[in-house]
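Residues per chain are reported as follows:
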Amino acid sequence: MRLKKQYKGIFYIVISAFCFALMSMFVHLSGDLPSTQKSFFRNLVAAMFAGGILWKGQVPLRCKKENFLYLLLRSVFGTIGILCNFYAVDHLVLADASMLNKMSPFFAVVFSYIILKESVTWKQAMIVVGAFLGSLFVIKPTVSNMELIPSLIGLLGGIGAGAAYTMVRKLGELGEKGPFIVFFFSSFSCLVTLPYLIFDYHPMTLVQIGMLLLAGLSAAGGQFSITAAYCYAPAKEISVYDYSQIIFSSLLGFLVFGQVPDAWSWLGYGIILVMAVLMFLYNKRKSEKVILKED
(Lines give C-alpha, C1' and ligand atoms only; values in the text may rest on other atoms or scores of the structure.)
Protein backbone atom coordinates (compact mmCIF):
# COMPACT_ATOMS: atom_id res chain seq x y z
CA MET A 1 0.00 0.00 0.00
CA ARG A 2 2.82 2.39 0.96
CA LEU A 3 4.72 1.56 -2.24
CA LYS A 4 1.58 2.23 -4.30
CA LYS A 5 1.25 5.68 -2.72
CA GLN A 6 4.91 6.38 -3.44
CA TYR A 7 4.40 5.50 -7.13
CA LYS A 8 1.40 7.84 -7.24
CA GLY A 9 3.52 10.57 -5.66
CA ILE A 10 6.24 10.06 -8.28
CA PHE A 11 3.63 10.13 -11.07
CA TYR A 12 2.16 13.42 -9.88
CA ILE A 13 5.52 15.12 -9.34
CA VAL A 14 6.62 14.16 -12.87
CA ILE A 15 3.31 15.55 -14.20
CA SER A 16 4.02 18.72 -12.23
CA ALA A 17 7.52 18.97 -13.74
CA PHE A 18 6.05 18.58 -17.24
CA CYS A 19 3.44 21.27 -16.54
CA PHE A 20 6.09 23.75 -15.34
CA ALA A 21 8.24 22.98 -18.40
CA LEU A 22 5.16 23.71 -20.57
CA MET A 23 4.64 26.96 -18.63
CA SER A 24 8.17 28.11 -19.48
CA MET A 25 7.65 27.19 -23.13
CA PHE A 26 4.39 29.15 -23.38
CA VAL A 27 5.98 32.14 -21.59
CA HIS A 28 8.77 32.11 -24.19
CA LEU A 29 6.26 31.73 -27.04
CA SER A 30 4.30 34.76 -25.81
CA GLY A 31 7.03 36.91 -27.33
CA ASP A 32 8.57 40.27 -26.48
CA LEU A 33 6.46 41.35 -23.51
CA PRO A 34 7.57 42.66 -20.08
CA SER A 35 8.05 39.97 -17.42
CA THR A 36 5.60 41.88 -15.18
CA GLN A 37 2.86 41.60 -17.81
CA LYS A 38 3.50 37.89 -18.28
CA SER A 39 3.53 37.36 -14.52
CA PHE A 40 0.18 39.13 -14.12
CA PHE A 41 -1.66 36.83 -16.53
CA ARG A 42 0.08 33.71 -15.21
CA ASN A 43 -0.95 34.50 -11.62
CA LEU A 44 -4.44 35.67 -12.58
CA VAL A 45 -5.29 32.19 -13.85
CA ALA A 46 -3.75 30.55 -10.74
CA ALA A 47 -5.70 32.92 -8.45
CA MET A 48 -8.96 32.06 -10.23
CA PHE A 49 -8.29 28.31 -9.89
CA ALA A 50 -7.36 28.56 -6.20
CA GLY A 51 -10.29 30.91 -5.53
CA GLY A 52 -12.65 28.43 -7.18
CA ILE A 53 -11.39 25.63 -4.93
CA LEU A 54 -11.80 27.80 -1.82
CA TRP A 55 -15.31 28.82 -2.89
CA LYS A 56 -16.33 25.23 -3.63
CA GLY A 57 -15.00 24.08 -0.26
CA GLN A 58 -16.62 27.09 1.46
CA VAL A 59 -13.25 28.01 2.99
CA PRO A 60 -13.26 31.58 4.40
CA LEU A 61 -10.81 34.05 2.80
CA ARG A 62 -8.95 34.90 5.97
CA CYS A 63 -5.86 33.71 7.77
CA LYS A 64 -4.69 33.44 11.34
CA LYS A 65 -3.07 36.64 12.60
CA GLU A 66 0.23 34.88 13.33
CA ASN A 67 0.37 33.50 9.76
CA PHE A 68 0.04 36.83 7.96
CA LEU A 69 3.75 37.75 8.04
CA TYR A 70 4.76 34.37 6.58
CA LEU A 71 2.07 34.65 3.88
CA LEU A 72 3.37 38.12 3.01
CA LEU A 73 7.00 36.95 2.87
CA ARG A 74 6.01 33.91 0.79
CA SER A 75 4.25 36.24 -1.65
CA VAL A 76 7.10 38.78 -1.87
CA PHE A 77 9.79 36.14 -2.42
CA GLY A 78 7.54 34.17 -4.78
CA THR A 79 6.82 37.25 -6.90
CA ILE A 80 10.54 38.04 -7.14
CA GLY A 81 11.17 34.41 -8.11
CA ILE A 82 8.56 34.41 -10.88
CA LEU A 83 9.62 37.76 -12.37
CA CYS A 84 13.27 36.71 -12.46
CA ASN A 85 12.44 33.26 -13.83
CA PHE A 86 10.29 34.72 -16.63
CA TYR A 87 13.07 37.16 -17.54
CA ALA A 88 15.55 34.26 -17.67
CA VAL A 89 13.17 32.14 -19.79
CA ASP A 90 13.00 34.99 -22.34
CA HIS A 91 16.78 35.49 -22.55
CA LEU A 92 18.35 32.06 -21.99
CA VAL A 93 18.18 28.55 -23.36
CA LEU A 94 15.04 27.03 -21.80
CA ALA A 95 16.99 24.25 -20.04
CA ASP A 96 19.45 26.78 -18.52
CA ALA A 97 16.59 28.92 -17.14
CA SER A 98 14.88 25.83 -15.68
CA MET A 99 18.08 24.55 -14.06
CA LEU A 100 18.86 27.91 -12.43
CA ASN A 101 15.31 27.98 -11.08
CA LYS A 102 15.79 24.45 -9.74
CA MET A 103 18.53 25.77 -7.43
CA SER A 104 15.61 26.66 -5.14
CA PRO A 105 15.71 23.45 -3.01
CA PHE A 106 19.34 24.15 -2.11
CA PHE A 107 18.62 27.77 -1.20
CA ALA A 108 15.63 26.53 0.83
CA VAL A 109 18.15 24.72 3.05
CA VAL A 110 20.06 27.99 3.52
CA PHE A 111 16.92 30.01 4.33
CA SER A 112 15.62 27.29 6.66
CA TYR A 113 18.83 27.76 8.65
CA ILE A 114 18.70 31.59 8.58
CA ILE A 115 14.95 32.19 9.02
CA LEU A 116 13.53 29.06 10.66
CA LYS A 117 16.69 28.37 12.71
CA GLU A 118 16.70 24.74 11.54
CA SER A 119 19.97 22.90 12.00
CA VAL A 120 22.12 22.25 8.92
CA THR A 121 24.85 19.58 9.03
CA TRP A 122 28.25 20.10 7.42
CA LYS A 123 27.32 17.47 4.80
CA GLN A 124 24.20 19.43 3.78
CA ALA A 125 26.28 22.62 3.67
CA MET A 126 28.86 20.97 1.38
CA ILE A 127 26.11 19.71 -0.95
CA VAL A 128 24.69 23.25 -1.19
CA VAL A 129 28.17 24.61 -1.99
CA GLY A 130 28.60 21.88 -4.63
CA ALA A 131 25.28 22.78 -6.25
CA PHE A 132 26.24 26.46 -6.31
CA LEU A 133 29.56 25.61 -8.00
CA GLY A 134 27.56 23.60 -10.56
CA SER A 135 25.39 26.65 -11.24
CA LEU A 136 28.53 28.64 -12.13
CA PHE A 137 29.07 26.35 -15.13
CA VAL A 138 25.56 27.28 -16.32
CA ILE A 139 26.01 31.00 -15.55
CA LYS A 140 29.56 31.15 -16.97
CA PRO A 141 30.55 34.34 -15.10
CA THR A 142 32.97 35.89 -17.63
CA VAL A 143 33.06 39.41 -19.07
CA SER A 144 32.66 38.03 -22.60
CA ASN A 145 29.48 36.11 -21.73
CA MET A 146 26.59 38.12 -23.20
CA GLU A 147 24.11 36.03 -21.18
CA LEU A 148 25.74 36.76 -17.81
CA ILE A 149 23.09 39.24 -16.58
CA PRO A 150 20.10 37.03 -17.56
CA SER A 151 21.88 34.07 -15.90
CA LEU A 152 22.41 35.97 -12.65
CA ILE A 153 18.77 37.10 -12.73
CA GLY A 154 17.77 33.46 -13.28
CA LEU A 155 19.82 32.46 -10.23
CA LEU A 156 18.13 35.25 -8.25
CA GLY A 157 14.83 33.66 -9.28
CA GLY A 158 16.00 30.37 -7.77
CA ILE A 159 16.98 32.19 -4.56
CA GLY A 160 13.54 33.86 -4.40
CA ALA A 161 11.78 30.53 -4.96
CA GLY A 162 13.91 28.88 -2.26
CA ALA A 163 12.94 31.58 0.25
CA ALA A 164 9.28 31.27 -0.80
CA TYR A 165 9.29 27.48 -0.30
CA THR A 166 10.77 28.02 3.16
CA MET A 167 7.78 30.21 4.02
CA VAL A 168 5.39 27.58 2.58
CA ARG A 169 7.02 25.00 4.82
CA LYS A 170 6.50 27.23 7.85
CA LEU A 171 2.88 27.91 6.88
CA GLY A 172 2.28 24.18 6.51
CA GLU A 173 3.57 23.66 10.04
CA LEU A 174 1.20 26.39 11.24
CA GLY A 175 -1.76 24.61 9.62
CA GLU A 176 -2.48 27.03 6.74
CA LYS A 177 -4.46 25.49 3.86
CA GLY A 178 -2.60 24.95 0.56
CA PRO A 179 -5.25 26.52 -1.74
CA PHE A 180 -5.36 29.64 0.46
CA ILE A 181 -1.55 30.00 0.27
CA VAL A 182 -1.75 29.77 -3.54
CA PHE A 183 -4.66 32.22 -3.66
CA PHE A 184 -2.97 34.76 -1.37
CA PHE A 185 0.32 34.60 -3.29
CA SER A 186 -1.30 34.76 -6.74
CA SER A 187 -3.57 37.66 -5.74
CA PHE A 188 -0.65 39.54 -4.15
CA SER A 189 1.47 39.08 -7.27
CA CYS A 190 -1.38 40.33 -9.48
CA LEU A 191 -1.81 43.44 -7.30
CA VAL A 192 1.94 44.19 -7.33
CA THR A 193 2.23 43.90 -11.12
CA LEU A 194 -1.10 45.65 -11.89
CA PRO A 195 0.35 49.23 -11.78
CA TYR A 196 3.02 48.23 -14.32
CA LEU A 197 0.31 46.68 -16.47
CA ILE A 198 -1.76 49.90 -16.36
CA PHE A 199 1.05 52.41 -16.98
CA ASP A 200 3.28 50.32 -19.25
CA TYR A 201 0.83 48.04 -21.02
CA HIS A 202 2.15 46.44 -24.20
CA PRO A 203 -0.61 45.61 -26.70
CA MET A 204 -0.97 41.86 -27.26
CA THR A 205 -2.19 39.80 -30.16
CA LEU A 206 -4.75 37.05 -29.66
CA VAL A 207 -1.94 34.52 -30.02
CA GLN A 208 0.05 36.18 -27.21
CA ILE A 209 -3.00 36.28 -24.95
CA GLY A 210 -3.59 32.61 -25.73
CA MET A 211 0.02 31.72 -24.89
CA LEU A 212 -0.15 33.53 -21.54
CA LEU A 213 -3.45 31.89 -20.64
CA LEU A 214 -1.94 28.50 -21.51
CA ALA A 215 1.07 29.41 -19.34
CA GLY A 216 -1.32 30.16 -16.48
CA LEU A 217 -3.18 26.88 -16.98
CA SER A 218 0.09 24.96 -17.08
CA ALA A 219 1.30 26.69 -13.90
CA ALA A 220 -1.98 25.88 -12.14
CA GLY A 221 -1.67 22.25 -13.25
CA GLY A 222 1.89 22.18 -11.93
CA GLN A 223 0.96 23.67 -8.56
CA PHE A 224 -1.96 21.34 -7.93
CA SER A 225 -0.04 18.27 -9.19
CA ILE A 226 2.87 18.93 -6.86
CA THR A 227 0.41 19.40 -3.97
CA ALA A 228 -1.15 16.03 -4.81
CA ALA A 229 2.31 14.45 -5.04
CA TYR A 230 3.25 15.46 -1.50
CA CYS A 231 -0.10 14.20 -0.23
CA TYR A 232 0.83 10.70 -1.40
CA ALA A 233 4.48 10.62 -0.38
CA PRO A 234 6.95 12.69 1.71
CA ALA A 235 9.44 15.01 0.02
CA LYS A 236 12.44 12.86 1.00
CA GLU A 237 11.10 10.01 -1.19
CA ILE A 238 10.06 11.86 -4.33
CA SER A 239 11.59 15.38 -4.48
CA VAL A 240 14.50 14.30 -6.69
CA TYR A 241 12.03 13.40 -9.47
CA ASP A 242 11.13 17.10 -9.72
CA TYR A 243 14.40 17.51 -11.66
CA SER A 244 12.76 15.69 -14.58
CA GLN A 245 11.65 19.23 -15.53
CA ILE A 246 15.17 19.76 -16.91
CA ILE A 247 14.67 16.81 -19.29
CA PHE A 248 11.30 18.14 -20.42
CA SER A 249 12.66 21.69 -20.82
CA SER A 250 15.64 20.44 -22.82
CA LEU A 251 13.37 18.44 -25.15
CA LEU A 252 10.86 21.28 -25.59
CA GLY A 253 13.67 23.81 -26.08
CA PHE A 254 15.20 21.65 -28.81
CA LEU A 255 11.96 20.61 -30.56
CA VAL A 256 10.20 24.00 -30.44
CA PHE A 257 13.07 26.53 -30.49
CA GLY A 258 16.02 24.50 -31.79
CA GLN A 259 17.99 25.29 -28.61
CA VAL A 260 20.99 23.16 -27.66
CA PRO A 261 22.80 23.88 -24.34
CA ASP A 262 26.59 24.11 -24.59
CA ALA A 263 29.06 21.66 -23.02
CA TRP A 264 29.63 23.86 -19.92
CA SER A 265 25.90 23.95 -19.25
CA TRP A 266 25.65 20.16 -19.52
CA LEU A 267 28.53 19.85 -17.04
CA GLY A 268 26.69 22.22 -14.68
CA TYR A 269 23.47 20.20 -15.07
CA GLY A 270 25.37 17.03 -14.16
CA ILE A 271 26.93 18.52 -11.03
CA ILE A 272 23.63 19.99 -9.79
CA LEU A 273 21.75 16.72 -10.45
CA VAL A 274 24.43 14.74 -8.57
CA MET A 275 24.11 17.17 -5.63
CA ALA A 276 20.31 16.82 -5.76
CA VAL A 277 20.57 13.01 -5.59
CA LEU A 278 23.10 13.23 -2.72
CA MET A 279 20.80 15.59 -0.78
CA PHE A 280 17.85 13.28 -1.45
CA LEU A 281 19.73 10.20 -0.20
CA TYR A 282 21.19 12.03 2.81
CA ASN A 283 17.80 13.38 3.96
CA LYS A 284 16.17 9.98 3.47
CA ARG A 285 18.87 8.20 5.49
CA LYS A 286 18.68 10.86 8.21
CA SER A 287 14.89 10.49 8.43
CA GLU A 288 15.14 6.70 8.66
CA LYS A 289 17.61 7.00 11.56
CA VAL A 290 15.18 9.26 13.41
CA ILE A 291 12.36 6.74 12.93
CA LEU A 292 14.56 3.89 14.23
CA LYS A 293 15.46 5.92 17.33
CA GLU A 294 11.78 6.62 18.01
CA ASP A 295 10.95 2.91 17.66
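Thresholds, definitions, all that
- In this numbering scheme, every chain counts its residues from 1 along its sequence in written order.
- Residues qualify for local features only when their pLDDT is at least 70, as the model is predicted, and side-chain atom pairs are given and counted only at 80 or more; totals for whole chains, interfaces and linings, by contrast, use all residues.
- Working from all heavy atoms in the structure, the side-chain values ignore hydrogens and water.
- Aromatic pairs are defined between Phe, Tyr and Trp rings, using the six-membered ring for Trp, whenever the two ring centres lie within 6.5 Å; interplanar angles under 30 degrees are classed as stacked, those over 60 as edge-to-face, and all others as tilted.
- Here a strand is any run of E in DSSP of at least two residues, a helix any run of H or I of at least four, and the numbering for each starts at the N terminus.
- For every residue, the accessible area (1.4 Å probe, protein chains only) is compared with the maximum for its type, and the residue is labelled buried under 20%, exposed over 50%, or partly exposed between those bounds.
- We call a charge positioned above a ring when the Lys NZ or Arg CZ atom is no farther than 6 Å from the ring centre and deviates by at most 35 degrees from the ring normal.
- Working convention: axes come from line fits to C-alpha atoms, limited for helices to the stretch in contact. Angles between N-to-C directions cover 0 to 180 degrees.
- Here roughly perpendicular refers to angles of 65 to 115 degrees, roughly parallel to angles under 35, roughly antiparallel to angles over 145, and oblique to all remaining angles.
- The hand of a helix crossing depends on one turn: near helix anticlockwise from the far one by less than a right angle means left-handed, and clockwise means right-handed.
- The criterion used for residue contact is that any of the two residues' heavy atoms lie within 4.5 Å.
- Note on residue categories: nonpolar means Ala, Val, Leu, Ile, Met, Phe, Trp, Tyr, Cys or Pro, charged means Asp, Glu, Lys or Arg, and polar means any other residue, Gly included.
- In this text, buried Ala, Val, Leu, Ile, Met, Phe, Trp, Tyr and Cys residues form a nonpolar core when linked through side-chain atoms within 4.5 Å.
- Per residue, pLDDT measures the predictor's confidence, with a range of 0 to 100.
- Within the patch definition used here, like charges are joined within 9 Å and nonpolar side chains (Val, Leu, Ile, Met, Phe, Trp, Tyr) within 5 Å, considering only residues with over 30% relative accessible area and no salt bridge.
- The accessible surface values rely on the Shrake-Rupley method and a 1.4 Å probe; as for residues, cover is taken only from the protein chains in view.
- Think of a salt bridge as a Lys or Arg side-chain nitrogen and an Asp or Glu carboxyl oxygen that are within 4 Å of each other.

### Quick word on the packing of aromatic side chains
Then, number 1: For the structure shown, the criterion picks out 8 aromatic pairs.
Then, number 2: Ring plane angle 75 degrees and centroid distance 5.3 Å describe the contact between Phe-18 and Phe-248, whose orientation is recorded as edge-to-face. Taken together, the residues span a long stretch of sequence, with Phe-18 in helix α1 (residues 2–29) and Phe-248 in helix α11 (residues 244–257) at a distance of 230 residues.
Then, number 3: Overall, the relative accessible area of 22% leaves Phe-248 in the partly exposed class.
Then, number 4: Aromatic side chains Phe-68 and Phe-184 sit 6.1 Å apart centroid to centroid with 85 degrees between the ring planes, which places their arrangement in the edge-to-face category. Here Phe-68 is found in helix α3 (residues 68–91), whereas its partner Phe-184 is found in helix α8 (residues 178–199), with 116 residues between them in sequence.
Then, number 5: Taken together, the ring pairs connect Phe-68, Phe-180 and Phe-184 into an aromatic cluster.
Then, number 6: A cation over an aromatic ring shows up here: Arg-74 above the ring of Phe-185, its NZ or CZ 4.1 Å from the ring centre.

### Digging into the packing of helix α4 (residues 94–101) against α11
Then, number 1: Their axes nearest at 8 Å, the elements α4 and α11 cross at an angle of 160 degrees. With respect to α11, the axis of α4 lies roughly antiparallel. In terms of crossing hand, the pair formed by α4 and α11 is right-handed. In contact with Leu-94, Ala-95, Ser-98 and Met-99 of α4, α11 contributes Gln-245, Ile-246, Ser-249, Ser-250, Leu-252, Gly-253 and Phe-257.
Then, number 2: Across the contact of α4 with α11, the residue classes break down as 6 nonpolar, 5 polar and no charged.

### Looking at the packing of α3 against α8
For any two helices packed against each other, one specifies the crossing angle of their axes together with the interaxial distance.
Then, number 1: Orientation of α3 relative to α8, taken along the N-to-C sense of each, is 60 degrees, at an axis distance of 9 Å. Here α8 runs oblique to α3, going by the angle between their axes. Between α3 and α8 the crossing geometry is right-handed. Packed against α3, whose contacting residues are Phe-68, Leu-71, Leu-72, Arg-74, Ser-75, Val-76, Gly-78, Thr-79, Ile-82 and Leu-83, the element α8 presents Phe-180, Ile-181, Phe-184, Phe-185, Phe-188, Ser-189 and Thr-193 at the interface.
Then, number 2: Taken together, the residues that form the contact of α3 with α8 break down as 11 nonpolar, 5 polar and 1 charged.

### Comments concerning the nonpolar core
Then, number 1: Counting 43 residues, the largest nonpolar core has Met-23, Met-103 and Phe-106 as its most contacted members.
Then, number 2: Per-element tally for this core: the top contributor is α1, with 7 residues.
Then, number 3: Setting aside anything within four residues of it in sequence, one finds Phe-106 in contact with Ile-127, Val-128, Ala-131, Tyr-243, Ile-272, Met-275, Ala-276 and Met-279.
Then, number 4: By size, the runner-up hydrophobic cluster in this structure holds 7 residues, among which are Leu-33, Phe-40, Cys-190 and Met-204.

### What about the environment of Gly-78?
Then, number 1: Along the chain, the position of Gly-78 falls in helix α3.
Then, number 2: The class for Gly-78 is buried, based on a relative accessible area of 7%.
Then, number 3: Excluding anything up to four places from it in sequence, Gly-78 contacts Gly-160, Ala-164 and Phe-185.

### Notes on the confidence of the model for the protein
Then, number 1: Per-residue confidence for the protein gives a mean pLDDT of 83; residues scoring 70 or more make up 91%.
Then, number 2: No element of the protein has a lower mean pLDDT than helix α10 (residues 235–238), which averages 64, and none a higher one than α3, which averages 91.

### What to know about a nonpolar patch on the surface
Then, number 1: Taken together, the side chains of Leu-29, Ile-247, Leu-251, Phe-254, Leu-255, Val-256, Val-260 and Trp-266 make up a nonpolar region of the molecular surface, amounting to roughly 810 Å² of accessible area.
Then, number 2: Counting residues per element, the nonpolar patch draws most heavily on α11, which supplies 5 residues.
Then, number 3: Mapped onto the elements of the fold, Val-260 is located in the loop between α11 and α12 (263–294).
Then, number 4: Under the relative-accessibility criterion, Val-260 is labelled exposed at 56%.

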